[in-house]
Amino acid sequence: MDDAYFFCLKMQLVQNLHPIKIITGAADVLVSHRDMRNKYCTNRDIKYWSTYFLLKSLTSSGVIRSWTKQKTFLLDFCKMTENCFRNHLAELQKLKLIKLTKNRTILLTSFETAAEILGIEFTGHTIIDYDTSISGNQIFQYLLRGEEIRSNQAKQLKTLWYYVGKNPLLKDALFTLLVKDGADKKLLEKDITYFQEQLLQLQQQAFKDGSPLLDLLTTCRADINRGVKCIQEYHTYKSKQSVSYMKNRMVTLQVIKVTKVCTKSPQRSRLYIPANGDNASKTTGSFSTPSGDGGKRHRDGYKYLPATKETAWFLTDQVTHNYKSQQQQKNEKKKAA
């Protein structure tokens, strides 16, 4: 029995949540692929690669025989029409990710070869939970975009920890303040995410209270989410509205959850967010924090509310993921040796 057909029957009997393997690092590259087509810049590569990853998950042999006999399942699994699916197969052939035989058998290239085509080193897989019960067209491309967001959050988290780790005096001072505020010292040492969450909460509280420790607490940026402008640049969008549309679409498809966070203070605090390396002098009641957004000065992150005579600090959209993903390193004999 064909692998894809057997997998189809198995999935129909078990559940709607399916693990999909993608090449680790592929999402980071694919989100920036954007070309001019019919007067509009679009990213079609991420759609084609999404189809490749979905098809790849259906067979361990890399072969899907007589796809037209299984098209009802394939179209539903990939969330597209037959014409769209045929178009994707044609584009995947151009990308050399698949071969189509005369009997309409799909031969999928290996992950190692696909990584070479994409121009990255193959270091392993990332397994993403794909929920086929969600209605929508070509949903998996948004999970790839979600993986890029998750990857960037992880990078900023590591950067935060590295920055704190190479400044022992700063680390001791922050740990002392966090423990005094009720944080667990052992968890602060072991869990980077716990440290980041506790620091961000304390930064907000200090802003709200107008604490004199505000400058010290905000020496490093605890918010690991990016602003609209930074996402726009990395995803090569032409406008900020495209970023908002992307996030709204991902929320609708239940890929991510976006939380708006605003902290208000009765103090006339002034918050500005310079980029890394900005040595602009601070003024009383103000604080700065590295943005990590590529060396460009950002607009003020505060807003004075005349009606309530308060200063509001708006964090970037706090993004959490509604699906699970897990990285798996390649088990190479060379590395084992």
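None of the values given here were measured: they were computed from a predicted structure.

A. Highlighting the sheet that holds strand β12 (residues 302-305). Spatially, the three strands line up as an open sheet ordered β9-β13-β12, and their pairing is antiparallel. Every interior strand has two partners, whereas the edge strands, β9 (262-265) and β12, have only one. Direction aside, the axes of adjacent strands within the sheet are offset by 25 degrees on average. Set on the sheet, helix α10 (residues 192-209) makes contact with β9 and β13 (310-314); between it and β9 the angle comes to about 30 degrees.

B. Up close: the side chain of D317. Relative to the elements of secondary structure, D317 occurs in the loop between β13 and β14 (318-321). A polar contact is formed between the side chain of D317 and the side chain of K247, at a distance of 2.7 Å. In contact with D317, other than residues within four places in its own chain, are N225, K247, V258, T259 and K260.

C. Just the packing of aromatic side chains, in detail. This model, assessed by the stated rule, comprises 12 aromatic pairs. On the basis of an interplanar angle of 85 degrees and a centroid distance of 6.3 Å, the ring pair of Y52 and F111 is categorised as edge-to-face. Of this pair, Y52 sits in helix α3 (residues 45-56) while F111 is found in helix α6 (residues 111-118), placing the two residues 59 residues apart along the sequence. Every member of this aromatic cluster is reached through a ring pair, and the members are W49, Y52, F53 and F111. The ring of F111 is capped by K56, whose NZ or CZ atom sits 5.3 Å from the centre of that ring. Sitting over the ring of Y323, R150 keeps its end group 4.9 Å from the ring centre.

D. Just the pattern of salt bridges, in detail. Tallied over the full model, the rule gives 10 salt bridges. When the shortest N-O distance is used, the salt bridge between K171 and E189 registers 3.6 Å. Here K171 is found in helix α8 (residues 168-180), whereas its partner E189 is found in helix α9 (residues 185-190), with 18 residues between them in sequence. The class for E189 is partly exposed, based on a relative accessible area of 40%. For K247, the salt bridge goes to D317, with nearest N and O atoms at 2.7 Å. Within this pair, whereas K247 is found in helix α13 (residues 240-252), its partner D317 is found in the loop between β13 and β14, the two being separated by 70 residues in sequence. Taken as a pair, K247 and D317 share a single burial class, namely buried.

E. Focus on unusual backbone geometry. Phi angles above zero are rare outside glycine, and Q138 is one such case at about 50 degrees. Within the secondary structure layout, Q138 lies in the loop between β7 (124-131) and α7 (140-165). The phi dihedral of K309 falls on the positive side, at around 55 degrees, and the residue is not glycine. Tracing the chain through its elements places K309 in the loop between β12 and β13.

F. Region of the structure containing the confidence of the model for the protein chain. On average, residues of the protein chain score 85 in pLDDT, and 81% of them reach the 70 mark or higher. Mean pLDDT across the elements of the protein chain ranges from a minimum in strand β11 (residues 286-287), with 35, to a maximum in strand β6 (residues 106-108), with 97. The model gives residues 273-300 a pLDDT under 50, and that stretch makes 57 contacts with residues more than four places away or in other chains.

Rules of the game
What you see as residue numbers is a count from 1 along each chain, following the sequence as written. For a predicted model such as this one, the threshold for reporting local features is a pLDDT of at least 70, and the threshold for listing and counting side-chain atom pairs is 80 or more; totals across whole chains, interfaces and linings nevertheless cover every residue. Think of the side-chain values as coming from all heavy atoms in the structure, minus any hydrogens and water. DSSP calls a pair of strands paired once it identifies at least 2 bridges connecting them. Secondary structure is summarised from DSSP: a helix means a run of H or I of at least four residues, a strand means a run of E of at least two, and numbering begins at the N terminus for each. For helices, the fitted axis covers only the stretch in contact; all axes are lines through C-alpha atoms, and the angles between them, taken along N-to-C directions, range from 0 to 180 degrees. Whether two residues touch is decided by their heavy atoms; if any such pair falls within 4.5 Å, the residues are in contact. Polar contacts here mean pairs of N or O atoms no more than 3.5 Å apart (in protein, one a potential hydrogen donor and the other a potential acceptor; neighbouring residues in sequence count only if both atoms are side-chain atoms). Two aromatic rings, drawn from Phe, Tyr or Trp (for Trp, its six-membered ring), form a pair once their centres lie within 6.5 Å of each other, and the interplanar angle then sorts them: stacked below 30 degrees, edge-to-face above 60, tilted otherwise. Here, over-ring charges are defined by two tests on the NZ atom of lysine or the CZ atom of arginine: distance to the ring centre within 6 Å, and angle to the ring normal within 35 degrees. Criterion for a salt bridge: a side-chain nitrogen of Lys or Arg within 4 Å of a carboxyl oxygen of Asp or Glu. Whether a residue is buried, partly exposed or exposed follows from its accessible area with a 1.4 Å probe, protein chains only, as a fraction of its type maximum: under 20%, in between, or over 50%, in that order. The quantity called pLDDT is the predictor's confidence in a given residue, expressed from 0 to 100.

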